[in-house]
Amino acid sequence: MSDRLSVFKTYKLYVGGKFPRSESGRVYEVTDAKGKWLANVPQSSRKDARDAVVAARKAFGAWSGATAYNRGQILYRIAEMLEGRREQYVREVAEAEGLSKSKAAAQVDAAIDRWVWYAGWTDKIAQVVGGGNPVAGPYFNLSSPEPTGVVVVLAPQESSFLGLVSVLAPVIATGNTAIVIASEMSPLPALSLGEVLATSDLPGGVVNILSGRTAEIAAPLASHQDVNAIDLAGADETLAKELEIAAADNLKRVLRPQPVDDAGWWAAPGTDRMTAFLETKTVWHPTGSLGASGSSY
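Q: Sorry if this is basic, but what is going on with helix α9 (residues 237–247) here?
A: Given 3.6 residues per helical turn, the α-helix brings residues three or four places apart onto the same face. All of the buried residues along α9 are Leu 239, Ala 240, Leu 243 and Ala 247. Looking straight down α9, one finds its buried side chains confined to an arc of 100 degrees; they lie on one side. In α9, the exposed residues that point more than 90 degrees away from the buried face are Glu 237, Thr 238, Lys 241 and Ile 245. Along its buried surface, α9 packs onto β5 (150–154), α8 (214–222), β8 (229–231) and β9 (253–255). In this structure Asp 236 caps α9, since a side-chain oxygen of it lies 3.3 Å from the backbone nitrogen of Thr 238.

Here's what the structure looks like:
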């Protein structure tokens, strides 16, 4: 028998590429599906939410300006890192959602595959939603997608990892930066994800992860003037309505909670969550003429 003491994991927030505790000093208990204590996690405050917005805005310029190919490589690197820590996430998802090890493993594998799927879309989405437009006149008319900006993501409450990845990956794949509010009851997989993001070449501030009371954190973010969009996936009907009203103050894009069918978050992802947080820029340019004959393009 070993008399060695167990080393309990300390879970922290992930903001601006660093791992702070909540500035309030508050924590709350997280238990498994049977009520067994798992960890004390930070209970984020309004100040933590504001700090996350500052970090996301600071990171937006470089991330949105990076090449689509580079973003794809980084998302693929996240998948690689998760694959290397697969057993940890299987354990955390099993404890968080009360699943068997085999079912938790299937969810983790699906989440890793989803990162790879979105990595492949980073340099293709522009061809799908952009292009040349026919116009009546001697002009080129070109439309191209651009990221909306800073996006707040309320992670799904019931799907602590697969659901989280399904709403986060499309946001950053298209060049947005994100502030994630982790599942209130099952935040551990989300907080652990911050450790992978910090070592996967993702610039600090592109993803910021907060844990705590969803309604408490979401309220100041929904009304924040430097937040451009909000995904309400993890909000119930009452909270979603309140946040949508608050978001209208600066005309944020709002993605309301979508009905989840029998397949749930297992359903094959489409492009909807990427296009939800893209703006379309259209440029007009005269065609000009070629040579002395004056012929046009």
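Q: Would you mind going over the pattern of salt bridges with me for this structure?
A: Side-chain pairs of opposite charge can arise where the charged atoms are in close proximity. Per the stated rule, a full pass over the model turns up 15 salt bridges. Lys 47 serves as the salt-bridge partner of Asp 51, at 3.1 Å between the closest nitrogen and oxygen. Placement of both Asp 51 and Lys 47 in helix α1 (residues 46–65) is noted, with a separation of 4 residues, approximately one turn of the helix. You can call Asp 51 partly exposed: its relative accessible area is 31%. The exposure class of Lys 47 is partly exposed, given its relative accessible area of 35%.

Q: I keep staring at the packing of helix α4 (residues 101–121) against helix α6 (residues 162–173) and nothing clicks. Help me out?
A: In a packed pair of helices, the relevant descriptors are the angle between the two axes and the axis-to-axis distance. Contact geometry of α4 with α6 gives a least axis separation of 9 Å together with a crossing angle of 10 degrees. Between α4 and α6, the angle is such that the two are roughly parallel. Between α4, through Gln 107, Ala 110, Ala 111, Arg 114, Trp 115 and Tyr 118, and α6, the contact on the second element is made entirely by Leu 162, Val 165, Ser 166, Leu 168, Ala 169, Pro 170, Ile 172 and Ala 173. Tallied by class, the residues present in the contact of α4 with α6 amount to 11 nonpolar, 2 polar and 1 charged.

Q: Would you mind showing me how to read the packing of aromatic side chains here?
A: What the rule picks out here adds up to 5 aromatic pairs. On the basis of an interplanar angle of 75 degrees and a centroid distance of 6.0 Å, the ring pair of Phe 8 and Trp 37 is categorised as edge-to-face. Linking Phe 8 in the segment before β1 (27–31) with Trp 37 in strand β2 (residues 37–42), this pair joins segments that are 29 residues apart in sequence. For Phe 8, a relative accessible area of 62% corresponds to the exposed category. A relative accessible area of 37% means that Trp 37 is categorised as partly exposed.

Q: I would appreciate a short explanation of the sheet that holds strand β10 (residues 278–286) in the present structure.
A: In a beta sheet, neighbouring strands pair by backbone hydrogen bonds and run either parallel or antiparallel. With antiparallel pairing, the 3 strands of this open sheet are ordered in space as β3-β4-β10. Whereas interior strands pair on both sides, the edge strands pair on one side only; in this sheet they are β3 (131–132) and β10. Where β3 lies against strand β4 (residues 139–147), 2 bridges are found, and the strand directions are antiparallel. Within β4, the residue paired with Gly 131 across the bridge is Ser 143.

Q: Explanation requested: unusual backbone geometry in the structure shown.
A: Excluding glycine, residues mostly carry a negative phi; peptide bonds, for their part, are mostly trans. At Asp 201, a position not held by glycine, the phi torsion is positive, near 75 degrees. Since its relative accessible area comes to 58%, Asp 201 is described here as exposed. Positive phi values are uncommon outside glycine, yet Leu 251 reaches one of about 60 degrees. Looking at the secondary structure, you find Leu 251 in the loop between α9 and β9.

Cut-offs used in this document
- Residues numbered from 1 in each chain as written.
- Predicted model: local features only at pLDDT ≥ 70, side-chain atom pairs only at ≥ 80, totals over all residues.
- Heavy atoms only, no water.
- Buried < 20%, exposed > 50% of the residue type's maximum accessible area, 1.4 Å probe, protein only.
- Helix = DSSP H or I, 4+ residues; strand = E, 2+ residues; numbered from the N terminus.
- Arc of directions from axis to C-beta.
- Contact = heavy atoms within 4.5 Å.
- Polar contact = N/O pair within 3.5 Å; in protein donor to acceptor, adjacent residues only side chain to side chain.
- Salt bridge = Lys/Arg side-chain N within 4 Å of Asp/Glu carboxyl O.
- Axes fitted to C-alpha atoms, helices over the stretch in contact; angles between N-to-C directions.
- Parallel < 35°, antiparallel > 145°, perpendicular 65-115°, else oblique.
- Nonpolar A, V, L, I, M, F, W, Y, C, P; charged D, E, K, R; others polar.
- Phe/Tyr/Trp six-rings, centres within 6.5 Å; stacked < 30°, edge-to-face > 60°.
- Pairing = 2+ DSSP bridges.

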